[in-house]
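Here is what each chain is made of, one letter per residue.
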Amino acid sequence: MARVVVLSGAGISAESGLSTFRESDGLWANYSVEDICTAGCLVTNRDETISFYDKRRTELVDKEPNSAHKVLAELKNRYKNDIAIITQNVDNLFEKAGIAHEDVIHLHGFLTNVECEQCQNIYDIGYNKLADVNDGKCTACGSEYVRPYIVMFGEAAPNYALLDQEIQDCSLLVVIGTSGMVVGVNTLAYFVERSILNNLEPSDAINDTFFDKVIYDKATNAIHEIAYEIEELLAKG
Ligand code: APR
Ligand code: ZN
């Protein structure tokens, strides 16, 4: 398993122009989680849910990775199996920065993919609205029950098992841009040899005393210090 685990949240994509969730101008300030991101919302509130993810998907088209994504992509491609890039984000900025999609562990789904609820076909619709690709019907079975490939609250999130695996013998955990409201980063930091936290400001859900190094700064500033530590650890072999 990887010696370095980098776990990111919405904060790492903030400087690329993507909204976070819980900051004052975040997504959850303007939308209700219950209405568009909770199990069952595709039955009770399908149209609003589909249009919420359509809007976020189409907005991705011109968003570029920032230097935090790029530095981590360079390190991942250089130390392939020694670094696990795990993200709560559903954007494709690590992929745009040069990491193969299969080398990014997305815990909460992937915005440019959709999934057929009839035959479980998962396919890429790029930056399009769901209804604009194959009339919104599954490209395999033709079913109209196609949904965003996003993990809603209360739904199964199978990739968390990969996080558990990767953290097992990790020497350095790096947490960047997450409030810790969903993934329990305190527990992760408590069990690893060394841990770094980078956020803009303290979070009620994170006990930063569990971390060996805490950097309250923009990820594009913090990434240099983080990269130095990763290189120092991995260059030792
Ligand atoms: N650099 C570093 N950190 C930043 C930056 C930045 N430029 N901008 C914001 N942050 C930090 C904030 O300090 C905050 O701690 O990013 C964090 C964003 O927290 P949230 O908005 O709660 O996002 P996240 O932790 O990713 O949410 C987790 O909740 O709603 C679900 O599925 C959704 O994946 C999401 C999950
Ligand atoms: Zn299908």
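The rules behind these values
- Numbers given to residues run from 1 along each chain, matching the order in which its sequence is written.
- Each chain is given a letter, starting from A, and each ligand a number, starting from 1, according to the order in which they appear as written.
- Side-chain atom pairs in this predicted model are given and counted only at pLDDT of 80 or more, local residue features only at pLDDT of at least 70, and totals for whole chains, interfaces and linings cover all residues.
- Working from all heavy atoms in the structure, the side-chain values ignore hydrogens and water.
- Delimitation of the domains relies on an automatic or database domain assignment.
- Contacts are residue-level and defined by heavy atoms, with any inter-residue pair within 4.5 Å sufficient.
- When two parts are put together, the accessible area they lose, computed with a 1.4 Å probe and summed over both, is reported as buried area.
- By definition, a salt bridge exists where a carboxyl oxygen of Asp or Glu is found within 4 Å of a side-chain nitrogen of Lys or Arg.
- For helices the rule is a DSSP run of H or I covering at least 4 residues; for strands it is a run of E covering at least 2, with both sets numbered from the N terminus onward.
- We call Asp, Glu, Lys and Arg charged. Ala, Val, Leu, Ile, Met, Phe, Trp, Tyr, Cys and Pro are nonpolar, and the rest, Gly among them, are polar.
- For this analysis, a ring pair means two rings from Phe, Tyr or Trp (six-membered ring only for Trp) whose centres lie within 6.5 Å, classed as stacked if their planes differ by under 30 degrees, edge-to-face if by over 60, and tilted for the remaining angles.
- Three labels apply to residues, based on accessible area from a 1.4 Å probe with only protein chains included: buried if under 20% of the type maximum, exposed if over 50%, partly exposed otherwise in between.
- Residue count minus one, scaled by 1.5 Å, sets the expected span of a helix.
- Listed donors are limited to N, O and S atoms within 2.8 Å of the metal, widened to 3.2 Å for Na, K and Ca; water is not among them, so incomplete-looking sites are possible.
- Four donors are marked tetrahedral only if all angles between them lie between 85 and 135 degrees, whereas four are marked square planar and six octahedral if opposite donors are more than 155 degrees apart and the other angles lie between 65 and 115; the remainder are marked irregular.
- Any residue with an atom within 4 Å of a point lines the site, the site being either a cavity, points on a 1 Å grid over the protein atoms alone where a 1.4 Å probe fits but cannot get out, or a pocket, an open set with protein on both sides within 12 Å along at least 5 of 7 lines.
- Grid points are joined across faces, edges and corners, and a volume is the space filled by probe spheres set on the points.

## Let's talk about the domain arrangement of the chain
Here is step 1 of the chain: When its domains are assigned, the chain resolves into domain 1 (1-17 + 64-108 + 157-237) and domain 2 (19-62 + 109-150).
Here is step 2 of the chain: A straight line from the C-alpha centre of domain 1 to that of domain 2 covers 25 Å.
Here is step 3 of the chain: Contact with domain 1, which involves 20 residues of that partner, is made by 17 residues of domain 2.
Here is step 4 of the chain: For the pairing of domain 1 and domain 2, the buried interface totals around 1,200 Å² over both sides, and the portion due to carbon and sulfur atoms is 56%.
Here is step 5 of the chain: Its largest share of buried area at the contact with domain 2, domain 1 owes to Ala10, Val90 and Asn92, together 37% of the area lost on that side.
Here is step 6 of the chain: At the junction of domain 1 with domain 2, the criterion picks out zero salt bridges.
Here is step 7 of the chain: Of all the secondary-structure elements, those providing two or more residues to the side of domain 1 that touches domain 2 are helix H1 (11-14) and helix H7 (93-96).
Here is step 8 of the chain: In terms of residue class, the side of domain 1 that touches domain 2 is built from seven nonpolar, eight polar and five charged.

## Notes on the packing of aromatic side chains
Two aromatic rings are characterised by how far apart their centres lie and by the angle between their planes.
Here is step 1 of the chain: Counted by the stated rule, this structure contains six aromatic pairs.
Here is step 2 of the chain: Consider the rings of tyrosine 31 and phenylalanine 52, whose centres lie 4.6 Å apart with planes at 65 degrees: the pair is edge-to-face. With tyrosine 31 in the loop between helix H2 (27-30) and helix H3 (33-36) and phenylalanine 52 in helix H5 (residues 46-59), the pair connects residues that are 21 residues apart, well separated along the chain.
Here is step 3 of the chain: Tyrosine 31 gets classed as partly exposed once you look at its relative accessible area, which sits at 27%.

## A look at H5
Here is step 1 of the chain: The end-to-end C-alpha distance of H5, which contains 14 residues, comes to 20 Å, matching closely the 20 Å that a straight helix rising 1.5 Å per residue would cover.
Here is step 2 of the chain: Looking only at H5, the buried set comprises Thr49, Ile50, Phe52, Tyr53, Asp54, Arg56 and Arg57.
Here is step 3 of the chain: Check the buried side of H5 and you find it contacts H2, H3, helix H4 (41-44), strand S4 (109-116) and strand S6 (146-150).

## Some points on the side chain of histidine 106
Here is step 1 of the chain: Structurally, histidine 106 is set in strand S3 (residues 104-106).
Here is step 2 of the chain: If sequence neighbours within four positions are ignored, histidine 106 has contacts with Thr87, Asn89, Val90, Asp91, Glu95, His101 and Asn159.

## Considering the coordination of the zinc ion (ligand 2)
Here is step 1 of the chain: Binding of the zinc ion (ligand 2) to the protein goes through Cys116 (SG), Cys119 (SG), Cys138 (SG) and Cys141 (SG), at separations of 2.2 to 2.3 Å.
Here is step 2 of the chain: Its four donor atoms give the zinc ion (ligand 2) angles of 105 to 118 degrees at the centre, a pattern that matches the tetrahedral case.
Here is step 3 of the chain: Spacing between the donor residues of the zinc ion (ligand 2) along the chain follows C-x2-C-x18-C-x2-C.
Here is step 4 of the chain: Cysteine 141 sits in the partly exposed class, given a relative accessible area of 39%.

## Focus on the environment of valine 146
Here is step 1 of the chain: Turning to its location among the elements, valine 146 is positioned in strand S6.
Here is step 2 of the chain: Relative accessible area serves as the criterion here: at 0%, valine 146 is assigned to the buried category.

## Describing the layout of surface pockets
Empty space among the atoms becomes visible once a probe the size of a water molecule is rolled across them.
Here is step 1 of the chain: Estimates place the volume of the second largest pocket at around 410 Å³.
Here is step 2 of the chain: Only S3, S4 and S6 provide two or more residues apiece to the lining of the second largest pocket.
Here is step 3 of the chain: Of the residues that constitute the lining of the second largest pocket, the class distribution is eleven nonpolar, five polar and five charged.
Here is step 4 of the chain: Counting the residues that make up the lining of the second largest pocket, at least three belong to each of domain 1 (1-17 + 64-108 + 157-237) and domain 2 (19-62 + 109-150).

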